[in-house]
Each structure stands twice: as structure tokens, then as C-alpha cells.
Amino acid sequence: MTLTFPPGFLWGAASAAYQVEGAAQEDGRTPSIWDTFSHTPGKVLAGDTGDVAVDHYHRFREDVRLMAELNLAAYRFSVSWSRVQPTGRGPAVQRGLDFYRSLVDELLGAGIQPVLTLYHWDLPQELENAGGWPERETAERFAEYAGIVAGALGDRVEFWTTLNEPWCSAFLGYGSGVHAPGRTERLAPLRAAHHLNLAHGLGAQALRAALPARAQIAISINPAVVRPLSDKPEDLDASRRIDALANRVFTGPLLRGAYPTDLIKDTASITDWSFVRDGDLAVIKHPLDALGINYYTPSLVAAGTDNEGSPARHDGHGASAHSPWPGSEQVAFHQTPGERTEMGWTIDPTGLHDLLMRYTREAPGVPLYITENGAAFDDKPDAEGAVHDPRRIDYLRDHLAVAHQAIADGADLRGYFLWSLMDNFEWAYGYSKRFGAVYIDYQTQARVPKSSARWYAQVARTGELPA
């Protein structure tokens, strides 16, 4: 049967600055932690970097025309902090802001709503040199940066997201070290998580002060769907532990103004949480206009090591001798059953439904958006140059079907952003994983819409999910 989405449902696609822009040293931009990380031998597959990426900085007009052809109503992009405020301090660089002014004007001219993310993992390197997210000052610097961008674009951008997936910034960047800046510590991820939460709160305050009343302020999280391997008490406790570190470390302060007591107990051997100062939690619990949910795959956990002797072999976040789960290093991650993407992630749409209903309960009255959802497959052009990706079409249809079901079940879901608009620099995997609806020939920078792009364009045009 055909499934029809509500009128006004927002159909979009997403990207991130370091993954698409390139122009890494142009117009005053200084290095971010991802520039440094990708240029460090052994950190990124094949030595790939985002120096050029897909050259969106120079080709954005072509890319916006492509978005219009694909019937996108919204484009979610991030701003490069290093491009706007080099070194993370001091006055803005107008040439950097001019790029985003031009991008926003181009989007509006094409009838596409700009959805702006202030931070998608690319901290200015000089702020990392001063300690990075484990230090309180980074949150304060973020608020200043938020005010700068709001002052430049607030008259034209109405939907603002402070942070994208702060869990990855904190726990992959400072715990397992598989993301920039590549630190492998136990206390630093917890300090970073708090200061990212604080950055959201301070940043939201700065946005409120600078933006018109109609502006929407959100955050995009990547909550884990954590399922126990069995109903044994020790496996249920393993699931509780990971839920605290993956989810409630953020949603506790954001939605309830408190860190979970079980999280504080689980990490008591690492910290007394004295880095949380009086007043911080009230700042973090700034009223949200929307909550962004990013979902790809569920997690399956149990007590002890897995059957290969590794406590975190299947957590899905890249290989490391160091755990991103401080205080819960001996929780085992098991491979979930079913078909997998090129990332090794199991395809399981039920996890998306679980999340939408969970946050319908936990954040009543807060509209939800799916701000990332998609899959990497080994896409290749055929003899005629066309790129057919039927597995991605199946993936998208199945996930959109459960999103539709969540709406029927009472979720106030307002929109869906496909990850990603184009193939791009996939972080530590370099250019080896293709998530895009549009194929990129990295030698020529040619853009080729895949069959999934044409399929999604039809869904976006009609608001209907075909049988």
C-alpha cells in the first residue's frame, strides 16, 4: 500500500562542512582537528584528507541546482568554525561568512530551506591545543562563535542546530581515539561530554539573543538503540550501562537538567563529576524547539567479553585498542543478526521506530526530526555511466515506513534528512564508503544522481511512499 506523510512534512538531505567543502586553506580558513588528524599518517584509510573533498566550496551553486532537481525542501549543512572564526577566537573572517551567505541565498532562491548546524566535529586546532572539549573554555568560545554566525545569517536562516552527535565528539575523539583529535583517555570523554552539553546551552542562549523569535533551535543526537543479548540480570545491567553512556549522558541534562545517578555511580572510579559547576545544568536545559535524531543501526550488548575475546569489537565505531565506554569497558558488543551495509552495520529499521517513540515519551511537546539516516553501499557506475543502488532504495523505504508508523503511533515527527546528499569524505574511512544519493567521481568531481536519488525525489515531490 502507498503511505502518505502529513502535509508540510520536511524532506531534506544532509552534509557536513569538512566532508564536502574542500578549500581547506582558502579565504583565511585555519586547520581544524580533522585537518590535523587526517594529515597524521595512519589515522585515515589510504591517507585520505578533506583538503578537496567534493569541492562544494566552489561548486555549491551546481549542487543547489541538483538539490532543486531532486525536489528537496531543505538542506542541512554545517558551518566550518575554522572558516568563520580562525583559531576559534577573535573577530570573524568575512570571506568565510560570505561563503555561507552565498550558499544560503542560493538555497532560498531555489526554494530550499537552509538548516544550519554550527558544529559537526571540526574544532579549530588552536582550541584543541588549549585542551579541547575537556576544557570549559571551549564551551565559552562556542557561544561566541554561535553569536557571530547568528549575527551574519539570522535574518535568512530559521532552523538552527547547535551540535551534531556530541557523543562522537566526546567518546570517539577523546576515548577510543578513532576520531579527531585522536586522544585515548578515560576522564577526558566525560569532561568533554559535559562541556559539549554546556556548549549547547550557552550556544542556545547566544542564538536566542541574536535571532528573531521565529527561529527554531535544536540539537542533533545519535542515540543508541541498546538491546541486551539475553534477559539475564548481568546482560540487562550491561544494556543499562551503555544506555547511560550513549544516551542519558546527554538527554539527562538536556531534557531533565540532571546527569543520571547510575552514570555517576558507574564512573565513580574515574571522576567525582566536580567539573559540573553550579548553574551549568540550568543552562544546558535550555528549551528546545526541536530534537534531531540520527539513526543507522542498533547495538547488542552483554556482560563480559564477546566470543572473540574483545570487549568492544562490534560496537560499530571503528577498531581501537581503547574503549569509548569509560567505566564500562567490560561490556561486550555482539554482532546483530541480519543484512549489513558496507560499514558492517546491520540494517534494522525497528531501531528507528524505537527511538522515535522513546523520545516522544521522554521529550513531550518537542517536535522530532530525523536529521540523519542512510546507508553505505559499494556503488559503481555501469557501462553507460548510470549508478543503480536498489539496496539503498530498499533501506530508505523500510526506514521511512517505520517513520510513518511512528507518526501513526503518536510521534510528532516533522521531517526526514537523508544522509547524505552526496558521496563524501567519510571520516576515518576516507573515500572508501559511499553514503550519497549522488555519486561523486573523485577524479573529475562529476555528480551523478543514483537511482535512489531519483526515487527519493519522487517521494519528496509527492509526500508518498510507494508500495
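Residues numbered from 1 in each chain as written. Predicted model: local features only at pLDDT ≥ 70, side-chain atom pairs only at ≥ 80, totals over all residues. Heavy atoms only, no water.

Looking at an unreviewed UniProt entry, the chain carries the name Beta-glucosidase, with the source organism given as Streptomyces melanosporofaciens. According to UniProt, the comment filed for the chain under the heading Sequence similarities (unreviewed entry) is "Belongs to the glycosyl hydrolase 1 family." UniProt lists a comment for the chain under the heading Catalytic activity (unreviewed entry), and it reads "Hydrolysis of terminal, non-reducing beta-D-glucosyl residues with release of beta-D-glucose." (UniProt positions renumbered as here; feature names shortened; annotations may be inferred.)

Chemist: How do you make sense of the pattern of salt bridges when you look at a structure like this?
Modeler: Taken as a whole, this structure holds 40 salt bridges when the rule is applied. With its nearest N and O atoms 2.8 Å apart, the salt bridge here joins R447 to D63. Of the two residues, R447 sits in strand β14 (residues 446-449) while D63 sits in helix α3 (residues 56-69), which places them 384 residues apart along the sequence. The class for R447 is buried, based on a relative accessible area of 12%. Judged by its relative accessible area of 1%, D63 is buried. The partner of D354 in a salt bridge is R227, with the nearest N and O atoms 2.9 Å apart. One end of the pair, D354, is in helix α13 (residues 350-362); the other, R227, is in strand β7 (residues 226-228), and 127 residues separate them in sequence. For D354, a relative accessible area of 36% gives the class partly exposed. (Salt bridge = Lys/Arg side-chain N within 4 Å of Asp/Glu carboxyl O. Helix = DSSP H or I, 4+ residues; strand = E, 2+ residues; numbered from the N terminus. Buried < 20%, exposed > 50% of the residue type's maximum accessible area, 1.4 Å probe, protein only.)

Chemist: Would you mind showing me how to read the packing of helix α10 (residues 233-256) against α13 here?
Modeler: Each pair of packed helices can be described by the angle between their axes along with the distance between the axes. Between α10 and α13, the least distance of the axes is 12 Å, while the angle of their chain directions is 35 degrees. In the crossing of α10 with α13, the sense of the turn from one axis to the other is right-handed. Side by side, α10 and α13 meet where D243, N247, R248, T251, L255 and R256 of the first sit next to R358, Y359 and E362 of the second. Residues of the contact of α10 with α13, tallied by class, amount to 2 nonpolar, 2 polar and 5 charged. (Axes fitted to C-alpha atoms, helices over the stretch in contact; angles between N-to-C directions. Left-handed = near helix turned anticlockwise from the far one by under 90°. Contact = heavy atoms within 4.5 Å. Nonpolar A, V, L, I, M, F, W, Y, C, P; charged D, E, K, R; others polar.)

Chemist: Sorry if this is basic, but what is going on with the sheet that holds strand β10 (residues 331-334) here?
Modeler: Neighbouring strands of a sheet are bound in pairs by backbone hydrogen bonds; such pairs are parallel or else antiparallel. Here we have 3 strands laid out as an open sheet, ordered β7-β9-β10, and mixed in their pairing. The open sheet has two edge strands with one neighbour each: β7 and β10. Neighbour to neighbour, the strand axes of the sheet diverge by 40 degrees on average, direction disregarded. Two strands pair when backbone bridges link them, and β7 and strand β9 (residues 299-303) are joined in this way by 3 bridges, in the parallel orientation. Pairing of P228 across the sheet is with V301, part of β9. (Pairing = 2+ DSSP bridges.)

Chemist: Is there a simple way to think about α13 in this case?
Modeler: Residues separated by three or four positions in an α-helix point in the same direction, a consequence of the helix having 3.6 residues per turn. With 13 residues, α13 should reach 18 Å at 1.5 Å per residue; the first-to-last C-alpha distance of 18 Å fits that figure. Within the span of α13, buried status applies to G351, L352, L355, L356, M357, R358 and Y359. Looking at the buried side of α13, the elements it contacts are β7, α10, β8 (290-294), β11 (368-372), α14 (390-408) and β12 (413-419). (Expected span 1.5 Å × (residues − 1).)

Chemist: Where do I start with the confidence of the model for the chain in this structure?
Modeler: Detailed conclusions should not be drawn from predicted coordinates in areas where pLDDT is low. Summarising the model, the chain shows a mean pLDDT of 97, and 98% of its residues fall at 70 or more. Overall, residues 308-312 carries pLDDT values under 50, and its contacts beyond four positions in sequence, including any with other chains, amount to 10 contacts. (pLDDT = per-residue confidence, 0-100.)

Chemist: How do you make sense of the UniProt feature "active site" (unreviewed entry) in the chain when you look at a structure like this?
Modeler: Mapped onto this structure's residue numbering, the UniProt feature "active site" (unreviewed entry) falls at E165 and E372. On the basis of their most widely separated C-alpha atoms, the annotated residues across 208 residues gather in one place, lying no more than 10.1 Å apart. Take E165: it is sitting in the loop between β5 (159-164) and α8 (166-176). Not counting residues up to four positions away in its chain, the partners in contact with E165 are W121, S220, I221, N222, N294, Y296 and E372. If you trace the backbone, E372 turns up in strand β11. Other than its neighbours up to four places away in sequence, E372 contacts R76, H120, N164, E165, I293, N294, Y295, Y296, F417 and W419.

Chemist: Sorry if this is basic, but what is going on with the nonpolar core here?
Modeler: Nonpolar side chains tend toward joint burial in soluble globular proteins. By size, the foremost hydrophobic cluster in this structure holds 158 residues, and its most contacted members are W34, W133 and W160. Residue contributions to this core peak at 10 residues, all from helix α9 (residues 187-210). (Core = buried A, V, L, I, M, F, W, Y, C linked by side-chain atoms within 4.5 Å.)

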